[in-house]
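What follows is each chain in one-letter form.
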Amino acid sequence: MKILAKTRKSHFWNEDRFVLGKNYAMVIDGATPLLKSNHFNEACWMVNYLKKRLNKLDGPIKNRLMVLSKEAFVQIPVKIKEEDYFPSAGMSWIEWDDEFFYASVLGDCEVTFITVDNEVIRLNTSELGKLDDFAIEEMVKIAKEKKIHVSEARTFISQTLLKHRKLVNKPNGYSAFTLCDNPIINEKKIKMPKNKVKEIYLYSDGFAQSFENLKIYASHQEMFSNSLDLDKEIAMIVETSFGDKYCDKYPRFKKIDDITVIKITM
């Protein structure tokens, strides 16, 4: 089994991480809180905390995350320890034993299996994507009304985004990793026999933009119909994003997002 991991930051900081262990691989996509209580990047702090400590714990990944959620809740240096001031994270991870791969996702990170029969199997959740689509539609409408760029309309939907963020791990909301003294981890998961798998991809939404927002590919199925060269895929995302720096052609929240992807080849 060969594992290749890539991450590209979109700014001076990077809110994405990948973590590799002896029997697992994980992608983490941190989300900065929309309400700030001090001047540091809470999402970067959290994803660093997770990356440094995951391999120091034993047991299933979900159990480790439960422990780290409680620990980080106490340790994070924020002035206001309330839900709206904490970061969150989407995640995707794969664990394995001698016979099976066990895949899990939270939020808008994904896992895609390519079987030995070239079947493409996507593990993802749709709830956060629907909320984001609603907010992007609002941005486009405001941009047209005010005759401004879509990227400039982002400041006018802050309340919508805050309303959506308050739905994390709530009924009719979306799943994510959060910091809490009583953690909730509602992952979506599947199990795959190892002898049926040819390739596995784990990735953040920055990588999924190829088929979701930037339309480099017409669909998820088209993108994963052939084995991917990760460097080339990331380069195409960067080129397309910077070619539409005001987000007018391909409406989205920002010019470019952090990009993280893991490719596992059997």
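You'll find the structure just up there.
A brief structural summary. Keep in mind the model is a prediction, meaning the values are calculated, not measured.

**Regarding the environment of R17**
Within the secondary structure, R17 sits in strand β2 (residues 16-21). Under the relative-accessibility criterion, R17 is labelled buried at 15%. Sequence-wise, R17 and A208 are 191 residues apart; in three dimensions their C-alpha atoms are separated by 15 Å. Once residues lying within four places of it in the same chain are set aside, the contact partners of R17 are M26, V27, I28, C44, V47, N48, K51 and T260. Only 2.6 Å separates the side chain of R17 from the backbone oxygen of N14, close enough to count as a polar contact. Reaching out from R17, the side chain makes a polar contact with the side chain of N48 at a distance of 2.7 Å.

**Things to note about helix α4 (residues 158-165)**
Among the residues making up α4, those that are buried are T160, L161, L162 and H164. The inward-facing, buried residues of α4 contact α3 (127-146).

**Let's talk about the packing of α3 against α4**
At a closest axis distance of 10 Å, the pairing of α3 and α4 adopts a crossing angle of 175°. Looking at the two axes, α3 sits roughly antiparallel to α4. Touching L131, F134, A135 and E138 of α3 are T160, L161 and H164, all from α4. By residue class, the composition of the contact of α3 with α4 is four nonpolar, two polar and one charged.

**A closer look at the state of the cysteines**
Taken as a whole and judged by the stated rule, the model has zero disulfides. Of all cysteine sulfurs, the one in C109 lies closest to C44, which takes part in no disulfide; the gap is 15 Å. On the basis of relative accessibility, which here comes to 10%, the residue C44 falls in the buried class. C247 takes part in no disulfide bond, and the closest cysteine sulfur to it belongs to C109, at a distance of 20 Å. C247 sits in the buried class, given a relative accessible area of 0%.

How each quantity is defined
Residues numbered from 1 in each chain as written. Predicted model: local features only at pLDDT ≥ 70, side-chain atom pairs only at ≥ 80, totals over all residues. Heavy atoms only, no water. Helix = DSSP H or I, 4+ residues; strand = E, 2+ residues; numbered from the N terminus. Buried < 20%, exposed > 50% of the residue type's maximum accessible area, 1.4 Å probe, protein only. Contact = heavy atoms within 4.5 Å. Polar contact = N/O pair within 3.5 Å; in protein donor to acceptor, adjacent residues only side chain to side chain. Axes fitted to C-alpha atoms, helices over the stretch in contact; angles between N-to-C directions. Parallel < 35°, antiparallel > 145°, perpendicular 65-115°, else oblique. Nonpolar A, V, L, I, M, F, W, Y, C, P; charged D, E, K, R; others polar. Disulfide = S-S within 2.5 Å.

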